[in-house]
Structures are given as C-alpha cells and as structure tokens.
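Structural features, examined
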Amino acid sequence: LKFESVWLAAMKIPVNRGVTMPAGLPPPWIMGGAGIGAVMIWKRRQLGVFASLSKDFVVHMPSCLSGVRGVGELFSRLKTMLFIAWLESNHRGNIIDAEAIYGAQAVADDEGLLFQTGTLAHVRTAIDFSKAHARRAAVGTPVLHDIVLIGGGHSHVHVLRMLGMEPEAGVRLTLISRDVMTPYSGMLPGHIAGWYTRDEVHVDLVKMARHANARFVHASVTSIDRENRLIHCNDGRPPIRYDFASINIGCSPTFLGRSGYESVAEAREVGVTAVKPIDNFSARLDDLLARVDEDTEIAIVGGGASGAEVAMALRARLITILGASSGSKVAIKLIGRGEKLCPNHGPAVQQVMMQVVRERGIELHTGQEVVGVENGTLVTKKGDRISFTEALWCTQGAAQKWLSECGLPVDEDGFIKTSTTLQTLGDTTIFAAGDTATIEGYKRPKCGVFAVFSGLTLARNVRLIARGEPLEHYYPQSEFLGIIGLGDGTAVASRGQLAWRTKWMWDLKDWIDRKWMWNYSIGLPDMPSDSVVPASAKVAGEDALELLKDDMRCGGCGSKVGATTLSNAMKRISIPTRPEIVVGAESVEDCAVVKVDTETSCQTVDFFRAMITDPYNFGRIAANHSLSDMHAMGCQPVSALALVQLAHALPRIQEEDMVQMMSGACQALKESDCALVGGHTVEGIEPAMGFTIIGHMDVKESAL
C-alpha cells in the first residue's frame, strides 16, 4: 500500500514539455526495463509475469516512444506505460491468486471468482469508516431529506452503491429512470462482436435501488420546477418533490442535426439504426444481423473511437455468423467528417486506427459529413453519394432539450454548467455529472471515464450536503487512459501522445470492464448498520430535531397522520365521485353517506404493504387489487374507503408521499368509476395501503 501511494502520487507529478533531452541519460528501454522491474518487485508477483511483461515492454518501447519531443514528453509516455504495466501486473496477479484459491478450472468457468480473492477496496473503506463513526441506519429513522437522482448513468450507480453500503440516516433516495437496465458503454463493442451477452453489459437499476433502499420510479423527467423544487415526469403522476437533486441522464441521440428520442424513429423510417440510445440497441442490432447476407452493404456514420470500434466489432460478428469467407465479403463502410479517425486521440492512435480499419477490409470515407439520407443512399456535404443496405448512426450525442428549458445554466452545446463541486451554477440544490454536465473551466470530451470518476465525488457530496458540511471538489484530468478494442481480441492503449498496441491489451480492458460491472451486480456487499441520531437533522431544522425526540409516535392517537398534513395532501388530489355519494371525502364528517337503492350491495376489503418503491404506481396497484374482487364477482364498485400507512417522516415529506400514493389510487378508482368517500391514515415503518370497496350488482347477471 505504501508503494502504491507513492506510485499514484508520482503519476500526478507535472512535467515540462518541449525540454531538450540532456546528454548522458540511459536509453529509454533501459529506463523502462528498470521501471517495470521495480513495479514487479514491489508488487511481489511471480518471475514469469515479470519476464513476460518486461519483454513486451522493451519490444514496444521504440514504437511507443516514436516522435518524442523532449524530456517532458519522454517521461510522460514512460509514466503511462509503467502505469499500464502496473495494471496488467495486477490483472495477471489476480488470475494467479484466484487459481491458487479456487483452481484454474473453477476460475475458467466463473470469472467472477477473480474479484473475490481479497477484501475489496470499497469494503475496506466502509470498514474503516465504521471504526471512526457509528453506522447510520436508514431503516427506522424519520425521513428528513429527499434526494432525487434523475437518470441511471455511471455516476448515479456509484452513488447508489456507496449510500447502500453506508446509509445516511434521515436521507431518502429516489431514482427516476427511463430505463430499468442501464448499459455500460465501454462493453458495447464487445457485445456487438458477440463476446458479451446483453445481461453482462447492463446494470440492473432496480437491484441497485434495492441495495441503496431507494425508491425506483420508472419514468422520464420532462422538466424541473426549481422554484418549488418539483420534478415533472411523463406518466401523468403528480410532480415529485426534492430537497436536493442530481442529474445524470447522458446524451440525447441525434440524427441529421435533430436531437431527441423522436429522432431514433425518424432514422428508422429511412433505414438507419441509431446506436444511441444504447439501452435498447441490442434488440435493434439483432434485427439488423438477422437481415445480413453477403450482398449487404453496411454503412457506419461516425469517425470517432466508438464508430471505429463498432465497425471492427461488427466485422468480427459477421465472420462468426456467416463464416470467415462470407463474413469478410460483407461491405462495411465507415464515414467520418474529420480527415482522421478518433479526433479526440493522439496522432499515433489515429494512425493505428486508420491502418487497422483498412486491414479489416473496411471502406473508409474521411472528410465526409453526412447531411441527408435518400433511398438507401447517404448524401454528403461534398455532394458524394454512398450506397447502403443497412446503416448504423454512431455520432456524438446532444444535450436533452428540457435541461435548458427549465432554466438550468447550460454551455453552448446545451449541457449543464457546474462548478467543481458538481453543483449547477446558480442552483446549489441540483448536481449534475457525466455526459450531462460540463465543469466550468474543465471542458472535456463526453467519455464514460469522466462519469465514473465524477461519481466518486458526487457520492461523497450528496452525503455532505445533507449534513450541511463543506463539499469536495472534482478536477477532471486533462488526459485519460483509453483502451480501444480492435475487433480481433487485441486493443490499443491511448493516453496523450502514447499508442501502445499489444495482444494482452484487450485482456486487460476485459478485466477492468468485468471488474467494474461485478462491483455493481453480484459484487454488491451486504452492509448492515445500527441506528443513531443523524447529522443531517441539524440541517433540516428545528422541526427535525423535535421529531427525533418524539419516541412514542402513536401518543394515544392511533398513529394517525397529522390533520394539517392530511388536509393539505387531500386538497391536491383529484377525488373521484358518483351521484350516489351524499357525504364524501371532500367533507370533514366522521362517516361517508351513500344513497342505497334496491339493488344488492357488495362489500370487500384488501390491504397491502408496499411491494414496490414507486409510491404512485403502488397506489394504483393497491386500488386495482381491491377493485379486482368486485370485478371478479360482476359487481359495479360505487364507493371506496382508503386506509393509508405512511413512513415516519417530516410532515412536508409525508404530504408528498400521500399525494403520490393517493393520486395513483384515485386514477385506478376513476378507471372503474368508483368514488373515494373517505379513509384513515396511520404512521408506520414502511408505506402500506388498502381499501374497503362497496358496490352493487344485478343478481341475474352477477357471478352468483
């Protein structure tokens, strides 16, 4: 650990560029060999690993250091090479350790064993934290702050993991996501090549929310009312209130200058398959592959690293499906508007990618911006026409329009501007991270590595802001390590001016990606905790402190929710009614009055604990279950009495929960033409809801 700390510190040492190389220095390969030797000795790995890596290091030294200008750039490239070698030594050492513990065959059958060979870093962090601070329990503590995560991007899944491991008492998390399964973009090319299944490249957001004891709302956000702190969704539910919110929704797909998810349908109408949104690309890819034969012409629009990776991965997949001969005959055309591929990478990487693309028999069209699609033909800005049978659109995404429409500060491209604390400029209650955001003064490419690293700071800051403590800062690195797959089981590493292509580079990337995914799936730790008074109570105000002092919540009132909270919530709900109702839910009487005719009366009662965390849909489910008994007997529901249990929380939070649950229930009652005439509320450890339904039937036509 001491060595690793020194090593990581050395990785951050700034160097001066453009300095003339002093005379008398040893040749670079000797310096590199000595460096890799030091790494291997300190890591105490087997001599075989040392010999193999050292040989590869020396062999590739001339090409990796080609074109070096000055000592600064020399040491920058050597530093990156040593860092990559250090990662690979960990990878190979991980395999050796796992095989020693579980056996080589067991590791080959279950690669997840690779990540269980020691105490994981995040588990060590949690254990150390618990030694200094008592565990703060979320269960049984009143809800004092509502923190809403909008989107299930890489940053937010880390927030869910960390707050699941170390719950912040008094804080309730809500995740709102358009998708139930969120893709890991780094593994998409491998999925296209057929090396990963769909499940292997997606994170289950429902599982992540359950781990963090967070509510999961399956919906798309359409706007934010920042003045009233309300989030509006697209499914007709009441707006969701927040104390603090965070946005991590990635980019919106684009097609011919138009952005938004409607552009995906527009592309499909002219025979183009959009790679973004990635979440449902798998199904679209299967449809495309089912139509491919030797005569197919596949055009891929997008000359960035992702477009090139997709092209080479697709070639590999076609060879697998059609065989080496037929798969190689399928025409693949890669179109980019720049003169070189991978414009966000150094010249050496660009040269490698251009060479490999041509080696794969991929037709390359650079300097061509596609401006139109006509009858199976791509029309470029220069007037050239490129024919296709199938087309994949793999261009840079755009910001979602609603971000600027709700008044959030955005840059010239429409992405949210934030400070280094990841708070939006001018509104400290809202955070933004990942592709959604641009940190002022630190504009970087839209790349998953920045979303992953910003998630580390975001997870700490949502905890700190709830406690009222100073926030941490995130300063994104100016250069990042990228490993680009070449579609044949090899890859090229890219950082700054370095390009290192070797056979084991893909195995390293595969190990890094699988380890990341494992941490957010089967590797999620079970972290029980003990209840204590939360620090966040001080920030929430005097009413929160008084609430914590109230040990006996029922106090002889039957655990009823406060009259003011109940009254305020019911005023905001559209209550269904019927002509038979004489005195209903809108009154303050002790009993509902319903006019009874000569038909046969039906009565039923049902009650449920919350089986899902979305309060609006839970209300709909509870009401529909109660109504189903009436429908099964052929009865017409007339009136309903609700019994609602709300979680222990501040009155304003209970009011919001009541509005969400009862709005969902009332929607279901309206659909069955059943009036809500009253009910009863109680407090408990978790939400619950039930209904007593009264109706009537025509005996001749009923189930009797």
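All of the points below concern the structure found in this document. This is a predicted model, so every value here is computed, not measured.

Quick look at the overall build of the protein now. Scanning the protein from terminus to terminus reveals 22 helices and 32 strands. The proportion of buried residues among the 704 residues of the protein is 55%. Looking at the protein alone, contacts between residues at least 24 apart form 71% of all its contacts between residues at least 6 apart. Accessible surface computed for the protein: about 31300 Å², of which carbon and sulfur atoms make up 54%.

Attention shifts here to the sheet that holds strand 13 (residues 297-301). The strands that make up a sheet pair up through hydrogen bonds in the backbone, lying either parallel or antiparallel. If you walk across this open sheet you meet the five strands as 12-19-13-14-15, and the pairing is parallel. Each having just a single partner strand, strand 12 (272-274) and strand 15 (363-365) make up the two edges of the open sheet. Geometrically, the sheet is characterised by an average inter-axis angle of 20° between neighbouring strands, direction not taken into account. Most of the contacts of helix 11 (residues 281-291) go to strand 12, to which it runs at about 150°, and overall it touches strand 12, strand 13 and strand 19 (390-393).

Here the focus is the environment of Val 357. Mapped onto the secondary structure, Val 357 falls in helix 14 (residues 347-359). Residue Val 357 is classed as buried on the basis of its relative accessible area, which comes to 0%. For the pair Val 357 and Glu 309, spaced 48 residues apart in sequence, the C-alpha to C-alpha distance is 9.3 Å.

Ile 84, Ile 147, Leu 160, Trp 500, Met 505 and Leu 508 are the most contacted members of the largest nonpolar core, which totals 72 residues. For this core, the leading source of residues is helix 4 (residues 70-102), giving ten residues. In this structure, Ile 147 is in contact with Val 171, Arg 172, Leu 173, Thr 174, Phe 244, Val 462 and Ala 466, ignoring residues within four places of it in sequence. Residues Ala 308, Met 312, Cys 342 and Val 357 belong to the second largest nonpolar core, which totals 40 residues.

Before going further, it helps to spend a moment on the packing of helix 11 against helix 12 (residues 305-322). In the contact formed by helix 11 and helix 12, the axes pass within 11 Å of each other and the chain directions differ by 50°. Judged by the angle between their axes, helix 11 and helix 12 are oblique. Helix 11 and helix 12 meet at a crossing whose hand is right-handed. Between helix 11 and helix 12, the residues in contact are Leu 285, Asp 286 and Leu 289 and Leu 314, Arg 317, Leu 318 and Ile 321, respectively.

This paragraph deals with the sheet that holds strand 26 (residues 498-502). The strand order 24-25-26 describes an open sheet built from three strands, whose pairing is antiparallel. Of all the strands in the sheet, just strand 24 (482-485) and strand 26 have a single pairing partner and so form its edges. Pairs of neighbouring strands in the sheet enclose a mean axial angle of 20°, with direction left out of account. Pairing geometry for strand 25 (residues 491-495) and strand 26, over five bridges, is antiparallel. Residue pairing in the sheet places Ala 491 in a bridge with Thr 502 of strand 26.

Among the residues of helix 11, those classed as buried are Phe 281, Ser 282, Arg 284, Leu 285, Leu 288 and Leu 289. When helix 11 is viewed along its axis, its buried side chains cluster within an angular range of 160° and face the same direction. Close packing links the buried residues of helix 11 with helix 8 (188-193), helix 10 (262-269), strand 12, strand 13, helix 12 and strand 19.

Glancing now at the packing of helix 21 (residues 615-632) against helix 22 (residues 651-671). At a minimum axis distance of 6 Å, the contact between helix 21 and helix 22 shows a crossing angle of 40°. One way to sum up the angle between helix 21 and helix 22 is to call them oblique. The interaxial crossing formed by helix 21 with helix 22 has right-handed handedness. Contact residues: helix 21 offers Pro 615, Tyr 616, Phe 618, Gly 619, Arg 620, Ala 623, Asn 624 and Leu 627, while helix 22 offers Gln 660, Met 661, Ser 663, Gly 664, Ala 665, Gln 667, Ala 668, Leu 669 and Glu 671. Residues that form the contact of helix 21 with helix 22 fall into these classes: nine nonpolar, six polar and two charged.

The next point concerns the environment of Gln 667. Position of Gln 667 relative to the elements: it lies in helix 22. Along the chain, Gln 667 and Asn 624 lie 43 residues apart, while their C-alpha atoms are 9.7 Å from each other. Beyond its immediate stretch of four places on either side in the chain, Gln 667 contacts Tyr 616 and Arg 620.

Although it is not a glycine, Asn 213 sits at a positive phi angle of roughly 55°. Within the fold, Asn 213 resides in the loop between helix 9 (205-211) and strand 5 (215-218). Despite not being glycine, Asp 673 shows a phi value in the positive range, around 55°. Residue position: Asp 673 is located in the loop between helix 22 and strand 31 (675-684). Assessed through its relative accessible area of 42%, Asp 673 is described here as partly exposed.

Attention now moves to the packing of aromatic side chains. In the structure shown here, the tally under the stated rule is ten aromatic pairs. The interplanar angle of 50° and the centroid separation of 5.7 Å between the aromatic rings of Phe 115 and Trp 518 together place this pair among those described as tilted. Note that Phe 115 is positioned in the loop between helix 5 (104-109) and helix 6 (121-132) and Trp 518 in helix 17 (residues 505-519), a separation of 403 residues in sequence. The residues Phe 115 and Trp 518 share a single accessibility class, namely buried. Where Trp 500 meets Trp 504, the ring centres are 5.4 Å apart and the plane angle is 80°; that geometry is what we call edge-to-face. Members of the aromatic cluster, each reached through a chain of ring pairs, are Phe 57, Trp 500 and Trp 504. When the ring centre of Phe 415 is taken as origin, the NZ or CZ atom of Lys 446, which lies over that ring, is 4.2 Å away.

This part is about helix 12. Taking 1.5 Å per residue as the helical rise, helix 12 with its 18 residues ought to reach 26 Å, and the 26 Å between its terminal C-alpha atoms agrees with that figure. Among the 18 residues of helix 12, 13 are classified as buried, and the element is accordingly described as predominantly covered. One or two steps after helix 12, the chain reaches Gly 323, where phi turns positive at roughly 95°.

Rules of the game
- Residues numbered from 1 in each chain as written.
- Predicted model: local features only at pLDDT ≥ 70, side-chain atom pairs only at ≥ 80, totals over all residues.
- Heavy atoms only, no water.
- Helix = DSSP H or I, 4+ residues; strand = E, 2+ residues; numbered from the N terminus.
- Buried < 20%, exposed > 50% of the residue type's maximum accessible area, 1.4 Å probe, protein only.
- Contact = heavy atoms within 4.5 Å.
- Areas by Shrake-Rupley, 256 points an atom, 1.4 Å probe, with all protein chains shown as cover.
- Pairing = 2+ DSSP bridges.
- Axes fitted to C-alpha atoms, helices over the stretch in contact; angles between N-to-C directions.
- Core = buried A, V, L, I, M, F, W, Y, C linked by side-chain atoms within 4.5 Å.
- Parallel < 35°, antiparallel > 145°, perpendicular 65-115°, else oblique.
- Left-handed = near helix turned anticlockwise from the far one by under 90°.
- Arc of directions from axis to C-beta.
- Nonpolar A, V, L, I, M, F, W, Y, C, P; charged D, E, K, R; others polar.
- Phe/Tyr/Trp six-rings, centres within 6.5 Å; stacked < 30°, edge-to-face > 60°.
- Lys NZ or Arg CZ within 6 Å of the ring centre and 35° of its normal.
- Expected span 1.5 Å × (residues − 1).

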